[in-house]
Amino acid sequence: MGRMGGTASAEIDAPIDEVWAVVEDVLTAPEWQGGLVSMSALERDGEGRATLVETENDIKVRHVKTEVRFQYAPPARLGWTQEKGDLKSVEGAWELEDLGDGRTRATYTLDSDPGRIIGMLIRGPVESVIRSMLVNARPGELKARVEGGG
(Lines give C-alpha, C1' and ligand atoms only; values in the text may rest on other atoms or scores of the structure.)
Protein backbone atom coordinates (compact mmCIF):
# COMPACT_ATOMS: atom_id res chain seq x y z
CA MET A 1 0.00 0.00 0.00
CA GLY A 2 1.26 3.48 -0.81
CA ARG A 3 0.08 6.85 0.38
CA MET A 4 -3.27 7.33 2.03
CA GLY A 5 -5.33 10.44 2.50
CA GLY A 6 -7.66 12.80 0.75
CA THR A 7 -9.65 15.99 1.10
CA ALA A 8 -13.15 16.64 2.41
CA SER A 9 -15.14 19.84 3.03
CA ALA A 10 -18.26 21.05 4.81
CA GLU A 11 -20.10 24.36 5.06
CA ILE A 12 -20.62 25.44 8.65
CA ASP A 13 -23.29 27.84 9.92
CA ALA A 14 -20.86 29.94 11.96
CA PRO A 15 -18.45 32.82 11.31
CA ILE A 16 -14.84 31.93 10.52
CA ASP A 17 -13.58 33.18 13.91
CA GLU A 18 -15.85 30.73 15.76
CA VAL A 19 -14.72 27.85 13.54
CA TRP A 20 -11.07 28.87 13.96
CA ALA A 21 -11.45 28.87 17.75
CA VAL A 22 -12.35 25.16 17.62
CA VAL A 23 -9.71 24.26 15.01
CA GLU A 24 -6.83 26.02 16.79
CA ASP A 25 -7.66 24.39 20.15
CA VAL A 26 -5.87 21.23 19.02
CA LEU A 27 -5.70 19.59 22.44
CA THR A 28 -9.52 19.29 22.61
CA ALA A 29 -9.69 17.48 19.25
CA PRO A 30 -10.03 14.00 20.86
CA GLU A 31 -13.38 15.21 22.29
CA TRP A 32 -14.87 15.53 18.80
CA GLN A 33 -12.66 13.67 16.28
CA GLY A 34 -13.36 9.96 15.95
CA GLY A 35 -10.34 7.67 16.26
CA LEU A 36 -8.23 10.32 17.99
CA VAL A 37 -7.51 8.80 21.39
CA SER A 38 -5.29 11.45 22.98
CA MET A 39 -3.17 14.54 22.37
CA SER A 40 -0.64 16.08 24.74
CA ALA A 41 1.47 19.19 24.23
CA LEU A 42 5.25 18.72 24.20
CA GLU A 43 6.02 22.34 23.20
CA ARG A 44 4.04 25.60 23.10
CA ASP A 45 4.55 28.91 21.31
CA GLY A 46 4.61 32.38 22.89
CA GLU A 47 0.81 32.52 22.70
CA GLY A 48 0.46 29.25 24.63
CA ARG A 49 -0.69 27.26 21.59
CA ALA A 50 0.51 23.66 21.31
CA THR A 51 3.14 23.51 18.57
CA LEU A 52 4.58 20.01 19.08
CA VAL A 53 2.02 17.42 20.11
CA GLU A 54 2.10 13.69 20.80
CA THR A 55 -1.00 12.03 19.38
CA GLU A 56 -2.48 8.57 19.68
CA ASN A 57 -4.91 7.39 17.00
CA ASP A 58 -6.97 4.21 16.85
CA ILE A 59 -6.79 3.18 13.20
CA LYS A 60 -8.82 0.02 13.81
CA VAL A 61 -5.93 -2.41 13.18
CA ARG A 62 -3.83 -0.89 15.97
CA HIS A 63 -3.09 2.32 17.85
CA VAL A 64 -0.43 4.55 16.31
CA LYS A 65 1.54 7.28 18.05
CA THR A 66 3.05 10.28 16.31
CA GLU A 67 4.61 13.60 17.18
CA VAL A 68 3.26 16.35 14.94
CA ARG A 69 4.30 19.98 14.65
CA PHE A 70 1.52 22.52 14.09
CA GLN A 71 1.78 25.73 12.06
CA TYR A 72 -0.87 28.36 12.84
CA ALA A 73 -2.03 30.95 10.26
CA PRO A 74 -5.18 32.37 11.87
CA PRO A 75 -7.98 32.39 10.99
CA ALA A 76 -7.55 30.57 7.68
CA ARG A 77 -5.12 27.65 8.08
CA LEU A 78 -3.82 25.16 10.60
CA GLY A 79 -1.21 22.80 9.17
CA TRP A 80 0.71 19.92 10.69
CA THR A 81 3.62 17.62 9.82
CA GLN A 82 4.76 14.48 11.61
CA GLU A 83 8.24 14.81 13.10
CA LYS A 84 8.45 11.22 14.34
CA GLY A 85 6.15 8.33 14.96
CA ASP A 86 4.73 4.98 13.91
CA LEU A 87 3.84 6.13 10.39
CA LYS A 88 6.37 6.90 7.68
CA SER A 89 4.94 10.40 7.11
CA VAL A 90 1.88 12.53 7.85
CA GLU A 91 0.96 16.00 6.63
CA GLY A 92 -2.39 17.67 6.99
CA ALA A 93 -4.29 20.92 7.25
CA TRP A 94 -7.54 22.62 8.06
CA GLU A 95 -8.29 25.44 5.63
CA LEU A 96 -11.12 27.82 6.45
CA GLU A 97 -12.86 30.12 3.97
CA ASP A 98 -15.22 32.93 4.98
CA LEU A 99 -18.33 32.52 2.82
CA GLY A 100 -20.04 35.62 4.22
CA ASP A 101 -23.38 35.77 6.06
CA GLY A 102 -21.84 34.01 9.08
CA ARG A 103 -20.92 30.86 7.12
CA THR A 104 -17.55 29.14 6.76
CA ARG A 105 -16.26 26.41 4.47
CA ALA A 106 -13.89 24.05 6.30
CA THR A 107 -11.64 21.82 4.20
CA TYR A 108 -9.63 19.02 5.79
CA THR A 109 -6.67 17.53 3.92
CA LEU A 110 -4.56 14.57 4.99
CA ASP A 111 -1.64 12.94 3.19
CA SER A 112 0.07 10.05 4.91
CA ASP A 113 2.35 7.15 4.19
CA PRO A 114 1.72 4.40 6.73
CA GLY A 115 4.98 2.65 5.84
CA ARG A 116 5.42 -0.97 4.89
CA ILE A 117 4.47 -2.74 8.14
CA ILE A 118 1.33 -0.77 9.00
CA GLY A 119 0.53 -0.57 5.28
CA MET A 120 0.34 -4.37 5.19
CA LEU A 121 -2.34 -4.23 7.92
CA ILE A 122 -4.38 -1.59 6.08
CA ARG A 123 -5.71 -3.21 2.93
CA GLY A 124 -8.96 -3.50 1.04
CA PRO A 125 -12.08 -2.73 3.07
CA VAL A 126 -10.02 -1.74 6.13
CA GLU A 127 -8.32 0.99 4.10
CA SER A 128 -11.64 2.56 3.08
CA VAL A 129 -12.94 2.42 6.68
CA ILE A 130 -9.80 4.16 7.94
CA ARG A 131 -9.88 6.77 5.15
CA SER A 132 -13.55 7.43 5.91
CA MET A 133 -12.78 7.91 9.61
CA LEU A 134 -9.56 9.93 9.26
CA VAL A 135 -10.51 12.15 6.28
CA ASN A 136 -14.14 12.05 5.17
CA ALA A 137 -15.69 12.36 8.65
CA ARG A 138 -13.55 15.29 9.88
CA PRO A 139 -15.45 18.26 8.35
CA GLY A 140 -18.77 16.86 9.57
CA GLU A 141 -17.31 16.38 13.05
CA LEU A 142 -16.10 19.99 13.06
CA LYS A 143 -19.51 21.18 11.82
CA ALA A 144 -21.26 19.27 14.64
CA ARG A 145 -18.82 20.62 17.24
CA VAL A 146 -19.18 24.26 16.13
CA GLU A 147 -22.92 24.29 15.39
CA GLY A 148 -23.81 22.09 18.36
CA GLY A 149 -21.65 24.10 20.69
CA GLY A 150 -20.25 20.84 22.10
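See the structure shown above.
In short, a report on the structure. For clarity, every value in this text was computed on a predicted model and none was experimentally measured.

### Section: the overall build of the protein chain
Then comes step 1: From N to C terminus, the protein chain includes 4 helices and 7 strands.
Then comes step 2: From first element to last, N terminus to C terminus, the protein chain shows the α and β order β-α-β-β-β-β-β-β-α-α-α.
Then comes step 3: Counting every position in the protein chain, which comprises 150 residues, the buried fraction comes to 43%.
Then comes step 4: Relative to all contacts within the protein chain whose residues are 6 or more apart in sequence, the contacts with residues 24 or more apart total 52%.
Then comes step 5: Entry remark: accessible area of the protein chain is about 7,400 Å², with carbon and sulfur atoms responsible for 48%.

### Structural notes on the pairing of strand 5 (residues 77–85)
Then comes step 1: Sheet topology places strand 4 (residues 63–73) next to strand 5; 8 bridges connect them, and they run antiparallel. Paired with phenylalanine 70 across the strands is tryptophan 80, a residue of strand 5.
Then comes step 2: Taking the residues that link successive antiparallel strands as the turn, the strand 4-strand 5 hairpin has 3 residues.
Then comes step 3: When strand 5 meets strand 6 (residues 89–100), the two strands line up antiparallel, connected through 5 bridges. Bridge pairing in strand 6 places threonine 81 opposite glutamate 91.
Then comes step 4: Counted between consecutive antiparallel strands, the loop separating strand 5 from strand 6 contains 3 residues.

### Some details on the packing of helix 1 (residues 16–24) against helix 4 (residues 138–148)
Then comes step 1: Between helix 1 and helix 4, the least distance of the axes is 10 Å, while the angle of their chain directions is 115°. Handedness of the crossing formed by helix 1 with helix 4: right-handed. The segment helix 1 lies against helix 4, with Val19, Val22 and Val23 engaging Leu142, Arg145 and Val146.

### With respect to the pattern of salt bridges
Then comes step 1: Under the defined criterion, the tally for this structure stands at 13 salt bridges.
Then comes step 2: Residue glutamate 31 is joined to arginine 145 by a salt bridge in which the shortest nitrogen-to-oxygen separation is 2.8 Å. Of this pair, glutamate 31 sits in the loop between helix 1 and strand 2 (36–44) while arginine 145 sits in helix 4, and the two are 114 residues apart along the sequence.
Then comes step 3: We note a salt bridge from glutamate 83 to arginine 69, for which the minimum N-O separation is 2.6 Å. Of this pair, glutamate 83 sits in strand 5 while arginine 69 sits in strand 4, placing them 14 residues apart in sequence.
Then comes step 4: A single network of salt bridges, built from pairs that share partners, joins Glu11, Asp13, Glu97, Arg103 and Arg105.

### Let's talk about the sheet that holds strand 1 (residues 4–12)
Then comes step 1: Taking strand neighbours across the sheet as the criterion, the 7 strands line up as 1-7-6-5-4-3-2 in an open arrangement whose pairing is antiparallel. Every interior strand has two partners, whereas the edge strands, strand 1 and strand 2, have only one. In this sheet, adjacent strand axes meet at a mean angle of 20° when their direction is disregarded.
Then comes step 2: Where strand 6 meets strand 7 (residues 103–113), 11 bridges bridge the pair, whose relative direction is antiparallel.

### A word on the environment of glutamate 95
Then comes step 1: By secondary structure assignment, the location of glutamate 95 is in strand 6.
Then comes step 2: When neighbours within four sequence positions are excluded, glutamate 95 is seen to be in contact with Ala76, Arg77, Arg105, Ala106 and Thr107.

Definitions and limits used
- Residues numbered from 1 in each chain as written.
- Predicted model: local features only at pLDDT ≥ 70, side-chain atom pairs only at ≥ 80, totals over all residues.
- Heavy atoms only, no water.
- Helix = DSSP H or I, 4+ residues; strand = E, 2+ residues; numbered from the N terminus.
- Buried < 20%, exposed > 50% of the residue type's maximum accessible area, 1.4 Å probe, protein only.
- Contact = heavy atoms within 4.5 Å.
- Areas by Shrake-Rupley, 256 points an atom, 1.4 Å probe, with all protein chains shown as cover.
- Pairing = 2+ DSSP bridges.
- Axes fitted to C-alpha atoms, helices over the stretch in contact; angles between N-to-C directions.
- Left-handed = near helix turned anticlockwise from the far one by under 90°.
- Salt bridge = Lys/Arg side-chain N within 4 Å of Asp/Glu carboxyl O.

In short, geometric facts, not functional conclusions.
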